[in-house]
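These are the residues of each chain, in order.
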Amino acid sequence: MSNDPLPSGVERRTIDGAERLATRGEPVYGEPTDGEWRAWAPDRSKLGAMFELEMETGLEGGETVLYLGAASGTTVSHVADFAGPTYAVEFAPRPARDLLETAASRPRLFPLLADARKPETYAHVVESDVDAIVQDVATRGQARVALENRQFLADDGRLLLAVKARSEDVTREPSDVFEEVCTELEEGYEILERRRLDAYHDDHLGVVARPR
């Protein structure tokens with residue numbers, strides 16, 4: 001794993017007079033561009049926030065990625081710009097339609113209309129031994145989703161998880177929720193790094209882990 005926290009294909013570039021994270025690809029959500037580079041807004045992307053905060057994601061570029069909770073494709077479009085084959089799981093039909101549109105100009109992006117809590121429904125499509133799972137699922141049981149999908153991850157792969165406290169329990173202190181989620185996660189993962197994403201996303205925790 002390289003020491004540079006940014007993978008190949010993700011750069012800090014001056015766009016619209018400000019230094020921003022950027023990837024090369026077709027614009028998706030009205031983001032500012034500079035030639036073929038498009039800005040990656042950390043306040044619209046948990047993974048973007050993890051890069052902006054210089055978390056050690058272990059991504060180098062060119063990886064096979066399973067993305068859980070792809071929504072309309074804001075973040076996963078950036079991932080597909082620098083990664084290899086990128087499987088994007090989204091359960092809600094409306095954002096999945098936007099995701100299909102996003103994938104039209106990205107041959108490495110494979111949208112799957114499926115429930116991340118039921119990996120058996122897409123196990124026949126997703127190759128095993130993916131290099132990374134990126135998870136941003138706004139549901140109760142976020143650790144359980146990560147554990148259920150661990151079967152797809154290579155032994156030396158990485159889980160990049162954004163934990164949303166309010167999806168687990170809106171009444172409890174986020175720090176307590178994060179502790180509980182991380183404890184459950186350790187059934188199947190070793191946590192390498194964890195960091196609050198509050199600078200960009202309220203009540204979110206970024207976690208980097210590898211399978212035990």
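A brief look at the structure comes next. Per-chain numbering applies: the sequence of each chain, read as written, is numbered from 1 onward. The predicted origin of the model limits local features to residues at a pLDDT of at least 70 and limits the giving and counting of side-chain atom pairs to 80 or more, whereas totals for whole chains, interfaces and linings rest on all residues. Values reported for side chains reflect all heavy atoms of the structure, with hydrogen atoms and water molecules removed beforehand.

1. With respect to the nonpolar core
No. 1: Among buried residues, those of type Ala, Val, Leu, Ile, Met, Phe, Trp, Tyr and Cys that are joined through side-chain atoms within 4.5 Å constitute a nonpolar core. In this scheme, a residue with accessible area under 20% of its type's maximum is buried, one over 50% is exposed, and one in between is partly exposed, where area comes from a 1.4 Å probe on protein chains only. In this structure, L66, L68, Y122, L185, Y189 and V207 are the most contacted members of the largest nonpolar core, which totals 32 residues.
No. 2: Here this core gets five residues from one element, more than from any other, and that element is helix 6 (residues 174-185).
No. 3: Counting residues in each nonpolar core, the second largest holds 29 residues, with L6, V76, F82 and V134 among its members. Put simply, DSSP H or I for four residues or longer makes a helix, DSSP E for two residues or longer makes a strand, and each gets a number counted from the N terminus.

2. Some thoughts on the packing of aromatic side chains
No. 1: Each pair of aromatic rings taken from Phe, Tyr and Trp, with Trp reduced to its six-membered ring, is defined by centres within 6.5 Å and is described as stacked if the planes are under 30 degrees apart, edge-to-face if over 60, and tilted in the remaining cases. Counted according to the given criterion, the structure contains five aromatic pairs.
No. 2: Pairing F51 with F82 gives two aromatic rings, centres 6.3 Å apart and planes at 70°, and the pair type is edge-to-face. One end of the pair, F51, is in helix 1 (residues 46-52); the other, F82, is in helix 2 (residues 74-82), and 31 residues separate them in sequence.
No. 3: On the basis of relative accessibility, which here comes to 0%, the residue F51 falls in the buried class.
No. 4: With relative accessibility at 6%, the residue F82 sits in the buried group.
No. 5: Consider the rings of Y122 and F152, whose centres lie 5.7 Å apart with planes at 25°: the pair is stacked. Of the two residues, Y122 is situated in the loop between strand 7 (109-113) and strand 8 (130-135) and F152 in the loop between helix 4 (142-148) and strand 9 (153-164); the sequence distance between them amounts to 30 residues.

3. Observations regarding helix 3 (residues 93-104)
No. 1: Each helix should span, by expectation, one fewer than its residue count multiplied by 1.5 Å. Compared with an ideal rise of 1.5 Å per residue, which puts 12 residues at 16 Å, helix 3 spans 17 Å between its outermost C-alpha atoms and is within 8% of the ideal.
No. 2: Among the residues of helix 3, those classed as buried are A96, L99, T102 and A103. Mapping the buried residues of helix 3 onto a view down its axis gives an arc of 110°, with all of them on the same face. Opposite the buried face of helix 3, by more than 90 degrees, sit the exposed residues R97, L100, E101 and A104.
No. 3: For helix 3, the secondary structure elements touched by its buried residues are helix 2, strand 6 (86-90) and strand 7. The reported arc concerns the directions from the helix axis to the C-beta atoms and nothing else. By definition, residues are in contact when any of their heavy atoms lie within 4.5 Å.

4. Brief notes about the sheet that holds strand 4 (residues 37-39)
No. 1: Ordered in space as 1-2-4-3, the four strands form an open sheet in which the pairing is antiparallel. The sheet is open, and its two borders are formed by strand 1 (10-15) and strand 3 (33-34), each paired with just one other strand.
No. 2: DSSP-based pairing: two strands are paired if at least 2 bridges between them are found. Sheet analysis places strand 2 (residues 18-24) next to strand 4, joined by three bridges and oriented antiparallel. By the bridge assignment for strand 4, T23 is matched with R38.

5. Looking at the sheet that holds strand 8
No. 1: Reading across the sheet, the seven strands line up as 7-6-5-8-9-11-10 and stay open at both edges, with mixed pairing between neighbours. The open sheet is flanked by strand 7 and strand 10 (189-196), the only strands paired with a single partner. Sheet twist, expressed as the mean angle between neighbouring strand axes with direction ignored, is 15°. Interaxial angle, 0 to 180 degrees, is taken between N-to-C directions of lines fitted to C-alpha atoms, where a helix line uses only the stretch in contact.

6. Examining the pattern of salt bridges
No. 1: Any carboxyl oxygen of Asp or Glu that lies within 4 Å of a side-chain nitrogen of Lys or Arg is treated as forming a salt bridge with it. Applying the stated criterion across every chain, the model contains 17 salt bridges.
No. 2: The partner of E36 in a salt bridge is R24, with the nearest N and O atoms 3.9 Å apart. In this pair, E36 sits in the loop between strand 3 and strand 4 while R24 sits in strand 2, placing the two residues 12 residues apart along the sequence.
No. 3: Note that R38 and E31 form a salt bridge whose closest N and O atoms lie 2.4 Å from each other.
No. 4: A single salt-bridge network, built from bridges that share partners, covers E31, R38, D81 and R106.

7. Some points on the pairing of strand 2
No. 1: Inspection of the sheet shows strand 1 paired to strand 2 by six bridges, in the antiparallel sense. Note that in strand 2 the partner of I15 across the bridge is A18.
No. 2: Taking the residues that link successive antiparallel strands as the turn, the strand 1-strand 2 hairpin has two residues, and the phi of D16 there is positive, at about 55°.

8. What about helix 6?
No. 1: Its 12 residues place the ends of helix 6 16 Å apart at the C-alpha level, agreeing with the 16 Å of an ideal helix rising 1.5 Å per residue.
No. 2: Within helix 6, the full set of buried residues consists of P174, V177, F178, V181, C182 and L185. When helix 6 is viewed along its axis, its buried side chains cluster within an angular range of 130° and face the same direction.
No. 3: Elements that come into contact with the buried residues of helix 6 comprise helix 4, strand 9, helix 5 (165-168), strand 10 and strand 11 (204-211).

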